Protein chains: 2
Amino acid sequence: MNGAQAVVRTAVNAGVEVCFANPGTSEIHLVAALDEIPGVRGVLAQFEGVATGAADGYGRMAGKPALTLVHLGPGFANGIANLHNARRGRTPIVNLIGHHPTWHRNYDPPLNTKVESLVDGVSDWQRTVASADHISRDMAAAISASRRHPGQIATLIVPTDCQWNEARGPIVEPAPPLGARVAPEAVERARAAVARGERTMLMLGSSGNTAAAQSDAARVQRATGCKLAAETFSGRMERGPRLPVLPRVPYFPEQAVEFLGGIDTLVLAGALDPVAFFGYEGGVSRLTPESVEVVVLSHPTEDSGHALGELAQATDAKDEPPARAVERPPAPTGPIDPRVAAQAVAATLPENAIVMDEGITAGFAFYPATMNGPAHTYLQENGGAIGLGLPASLGAAIACPDRKVLTLEGDGSGLYTVQALWSQVREGVDVVNLVFANDMYRILQVELQRAGVEEFGPQSLNLTEFGAPRVEWLDLARGFGMPAVQVRTGEELTAALERGFAEPGPCLIEAMVSDSALQ
Amino acid sequence: MNGAQAVVRTAVNAGVEVCFANPGTSEIHLVAALDEIPGVRGVLAQFEGVATGAADGYGRMAGKPALTLVHLGPGFANGIANLHNARRGRTPIVNLIGHHPTWHRNYDPPLNTKVESLVDGVSDWQRTVASADHISRDMAAAISASRRHPGQIATLIVPTDCQWNEARGPIVEPAPPLGARVAPEAVERARAAVARGERTMLMLGSSGNTAAAQSDAARVQRATGCKLAAETFSGRMERGPRLPVLPRVPYFPEQAVEFLGGIDTLVLAGALDPVAFFGYEGGVSRLTPESVEVVVLSHPTEDSGHALGELAQATDAKDEPPARAVERPPAPTGPIDPRVAAQAVAATLPENAIVMDEGITAGFAFYPATMNGPAHTYLQENGGAIGLGLPASLGAAIACPDRKVLTLEGDGSGLYTVQALWSQVREGVDVVNLVFANDMYRILQVELQRAGVEEFGPQSLNLTEFGAPRVEWLDLARGFGMPAVQVRTGEELTAALERGFAEPGPCLIEAMVSDSALQ
């Protein structure tokens, strides 16, 4: 068994099933090993950001790592933006980077880079394999690291001679995934805090967003009268009529400060003490007023599901609130704005769908519009690096082949990893990609106004609008083999969504948005 | 004057004219400053790899830095692959990265990264601005660093408060660009070496590839009988009937070793001692046989044009060789293979064109086919990170608006930064993009065979072919507003090239390649 085969064997033994790949010459032996050791499905991406974004979507839904296979430093670099999102979402991923042979690298061939610096910029764990002998141990360590609760980015750099040389050492089993449990003292502090009732807010994040954890939180709310809330962005959140209504911390700082201003105590269950997404002139960093006491029930890296269960027990919270009725709004009519779009989605979203939201300004209306919608899983871009939507939907669909996936996508952000459309077609996944076309980086124009620019000069317009020429999404979709339709009214959008959800395979809907103002 | 304005003022004063931008919220004040301080033309890219690749093409042709403007760590990361190419090509570039305010970063907001690690992976110089007070000094230092001969990657991280705060310090002028001159001893060693005649090879690279430097090298060859050669990949090389024929070191190591085997002495004029692009099992790193004496006339960072002038003088080389006749092959006929494609290009290439070659396996035939072609500038992807072609042509065309630009592009590599087509249309540049469509990563299949895989398994095929579904380049071009045509024969390709070069603005030609084997 050569080193490449030992890597794949270690992964297969650990239950790894998918590898999102964009290989090059230095990964050729790993490609060959995927044939020689069956068990890992290779999924080709025609750009590395597609591979890493898909691995993120996959990991969030599967709860276990996918592999990525990328080409040296530059190939890895193309995947960093979506790895950043995955890291912020605490998704388990194992990146494999092929590299020059150990004896060749110091000759500094053209594709040589400071790859360790690049890897360090976005990984929780990294290692460069030194020899094929114990390469399985290195791979097992990578898998173990990726599975540290709830998930980490682990990157293994594999020189080609370590791929083709004989792997003399044994195949090693990774450590089992474990979620750290919180101490009884943390539960007791949280119990005392929620007992104060409606002046306390229990904020859920990370593994506090599962269905079971939310149910426990709802019981606590029912027993104590405390408020419940969610972070502005959650990596994965279950939603539905059996789960509590979770207001989110608003995006802009002044609104967030107001949101948090009405409480005395904030209890964090897998959530972080909220900070501003961006700092503004004269603005604040921490959003929680200084007068508010912050109590940590569980850190994002702890098992918040378990912690909330303990809290429910400690508060003697027995009753689960009754399920709410699923409310679907009527199909909307007229020109499409963000509210109309959200209404069309709320009217048509299938039971048990997965929604990947990278709609930016046009996507903000989705969450409130589906507060009483059918059960679904909600994925957000909580790292803020655009280009996640289309790839993550690919990965989520591969993890959950029996569920329908909806991408809410901005026309600016969608273009970053547009090559994902091709992989969606290739893999035949059930993804409906809803692209909001407003021909501009609307959020940047909002930010220019916030920065005090009242009238946009030619350069400000030139760098925030992209309507000349228009990007024709129907043509792009066709170029990647994907059926697509353009819609201009609520009626057309509703019909297109219904058709998209009914038919197998991926499709794209370009919604011409007449006004995508935030409010 | 605020900090952002001071940055732009410093750049304008130093002669910087273009900024390839993909800004976000943390660059908004720099965007506004481009309006407030006129002189720098903003060019919007809808993906950062387009911005950095365009800056590379611009810098190679303009001989001075463009700015890039990118959004925090993830935005910068998207541009790293092409910055790697630029660094290997020694192109001057100044990257501006907006970042969180100095007082906000330690709260670790979602878009925070270890940006310094990412920057370190690909920059020759980097600095994070600490306050607006002396931000002009920081910017001047960045410009100075980028202009260190022949060019460097300089990256300045600019926290937003340093953009909006008052810049109290003076506007600082960067150091003038200087090329280090070689010592007389180096010239004397090289003179003794070339005097040995045909058993000596004088290899040109970096600033040894300019027209003047090549003319001096040709005079040395005529006076001494030594051989002339070029590196496998050159960042920029002038070619034409008045310039010498420069055989290149072959790409695959075994052929390169043979190429270098027939000499006793290798004189390097801006070139590096050749090493294998990749290391193979049982293969070598250095390509120059141990028996060959290596003499360095000038390092790539030294002024090789000056050094070759001194060498010509030292060898008493007076006569320039007579200009060769421009030979154009007849227009080819029949199905398109790499040779037919190269012949069509050689038959139609306009005088004084710029050719950006990212044709990979289909591009190898271009260089020999145009050995006696009209004068042109030849740009290669000498860092090996694919995705450079389409963006670099954009940048080259902006630097040289009076010249025609031809991109030789693989269908695999072209997809990495396909968004460049949009910017080409937006800017109305005279670029003909010739995409060789063979529906596979042909080079990887060659490498699989070289690695001993005789029959490709399903995963090996799945990860090296992308014909299902076909990527339809005509649709992609249309999606970005670019006229495009598909050709299947030498006649059609020749006609399409003629039309493309005759008409203003960009276009795309998809050449259906029937066999793109390397030889």
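Residues numbered from 1 in each chain as written. Chains lettered and ligands numbered in written order. Predicted model: local features only at pLDDT ≥ 70, side-chain atom pairs only at ≥ 80, totals over all residues.

*Asks:* When you look at the overall build of chain A in this model, what are you seeing that I'm missing?
*Replies:* When you go through chain A residue by residue, the secondary structure sums to 20 helices and 17 strands. Scaling as 2.2 N^0.38, a compact globule of 519 residues should have a C-alpha radius of gyration of about 24 Å, and chain A matches this with 24 Å. Structurally, chain A occupies a C-alpha span of about 65 × 60 × 45 Å along its principal axes. Looking at chain A as a whole, 64% of its 519 residues are labelled buried. (Helix = DSSP H or I, 4+ residues; strand = E, 2+ residues; numbered from the N terminus. Rg over C-alpha atoms; globule rule 2.2 N^0.38 Å. Buried ≥ 20, exposed ≤ 12 C-beta atoms within 10 Å, placed from the backbone.)

*Asks:* Would you mind showing me how to read unusual backbone geometry here?
*Replies:* Glycine aside, residues mostly have negative phi angles, and peptide bonds mostly take the trans form. Of note, the bond from H149 of chain A into P150 of chain A is cis; its omega dihedral lies within 30 degrees of zero at -10°. Its place among the elements puts P150 of chain A in the loop between α6 (135–146) and β6 (153–159). Positive phi is not limited to glycine here, since R90 of chain B has a value of about 55°. Summarising the element assignment, R90 of chain B is placed in the loop between α4 (72–88) and β4 (93–99). Judged by the 24 C-beta atoms lying within 10 Å of it, R90 of chain B is buried. Its identity as a non-glycine residue notwithstanding, S206 of chain B has a phi of 50°, on the positive side. Within the secondary structure, S206 of chain B is located in the loop between β7 (200–204) and α9 (211–224). Among the residues examined, S206 of chain B registers 29 C-beta atoms within 10 Å and is labelled buried.

*Asks:* Any chance you could explain the relation of the copies chain B and chain A here in plain terms?
*Replies:* The two chain copies are related to each other by a rotation about an axis together with a translation along it. Its rotation angle being 180°, the transformation that places chain B on chain A also includes 0.0 Å of axial translation and leaves an RMSD of 0.0 Å. The two molecules are tied by a two-fold rotation axis, judged by turn and shift. Both copies share a contact surface, since 100% of the interface residues of chain B are interface residues in chain A too. (Least-squares fit on C-alpha atoms with pLDDT ≥ 70 in both. Contact = placed C-beta atoms within 7 Å.)

*Asks:* Got a minute to help me understand the confidence of the model for chain A in this structure?
*Replies:* Caution applies to low-pLDDT regions: their predicted coordinates should not be interpreted in detail. On average, residues of chain A score 96 in pLDDT, and 99% of them are at 70 or above. The ipTM assigned to the predicted complex is 0.97, against a pTM of 0.97. (pLDDT = per-residue confidence, 0-100.)

*Asks:* How should the interface of chain B and chain A be read in this particular structure?
*Replies:* By convention, interface size is frequently given as the accessible area that disappears when the constituent parts associate. In this complex, chain B contributes 82 residues to the contact, which on the side of chain A involves 82 residues. Residue contributions to the side of chain B that touches chain A peak at eight residues, all from α4 of chain B. Of the residues belonging to the side of chain B that touches chain A, the class tally is 43 nonpolar, 27 polar and 12 charged. (Nonpolar A, V, L, I, M, F, W, Y, C, P; charged D, E, K, R; others polar.)

*Asks:* How do you make sense of the domain arrangement of chain A when you look at a structure like this?
*Replies:* Residue and element names in this part refer to chain A. Taken domain by domain, chain A comprises domain 1 (3–164), domain 2 (184–314) and domain 3 (338–512). Look at where the C-alpha atoms of domain 2 and domain 3 centre, and you get two points 28 Å apart. Contacts between domain 2 and domain 3 engage 13 residues on the former and 14 residues on the latter. Residue classes in the side of domain 2 that touches domain 3 are distributed as six nonpolar, three polar and four charged. (Domains from an automatic or database assignment.)

*Asks:* Help me understand the sheet that holds strand β1 (residues 18–22) of chain B in this model?
*Replies:* In any sheet, the strands associate via hydrogen bonds between backbone groups, in a parallel or an antiparallel arrangement. All names here are of chain B. Reading across the sheet, the six strands line up as β2-β1-β3-β4-β6-β5 and stay open at both edges, with parallel pairing between neighbours. Looking along the sheet, the strands with just one partner apiece sit at the ends: β2 (41–44) and β5 (125–128). On average, each strand axis in the sheet is inclined to that of its neighbour by 20°, with strand direction left out of account. Judged from the four bridges that link them, β5 and strand β6 (residues 153–159) form a sheet pairing that is parallel. Each bridged residue has a counterpart across the sheet, and for T128 the counterpart in β6 is I157. (Pairing = 2+ DSSP bridges. Axes fitted to C-alpha atoms, helices over the stretch in contact; angles between N-to-C directions.)

*Asks:* Looking at this structure, how should I read the environment of N209 of chain A?
*Replies:* Within the secondary structure, N209 of chain A is located in the loop between β7 (200–204) and α9 (211–224). Placed 61 residues apart in sequence, N209 of chain A and G270 of chain A show a C-alpha to C-alpha distance of 8.3 Å.

*Asks:* Quick question: what am I supposed to make of helix α17 (residues 442–450) of chain A here?
*Replies:* Of the positions making up α17 of chain A, those classed as buried are R442, I443, L444, Q445, E447 and L448 of chain A. On the buried face of α17 of chain A, the contacting elements are α18 (458–462) of chain A together with α2 (28–36) of chain B.

*Asks:* Would you mind showing me how to read the sheet that holds strand β10 (residues 265–269) of chain A here?
*Replies:* All names here are of chain A. A sheet is described by the order of its strands in space; here four strands give the open sequence β8-β7-β10-β11, paired in parallel fashion. Of all strands in the sheet, those bounded by a partner on one side alone are β8 (227–230) and β11 (293–298). Strand-to-strand twist in this sheet, taken as the mean axis angle between neighbours without regard to direction, amounts to 25°. Pairing of β7 with β10, which is carried by five bridges, proceeds in the parallel orientation. Note on β10: the bridge partner recorded for L204 is A269. The strands that helix α8 (residues 184–194) touches are β7, β10 and β11; relative to β11, the one it contacts most, it runs at about 135°.

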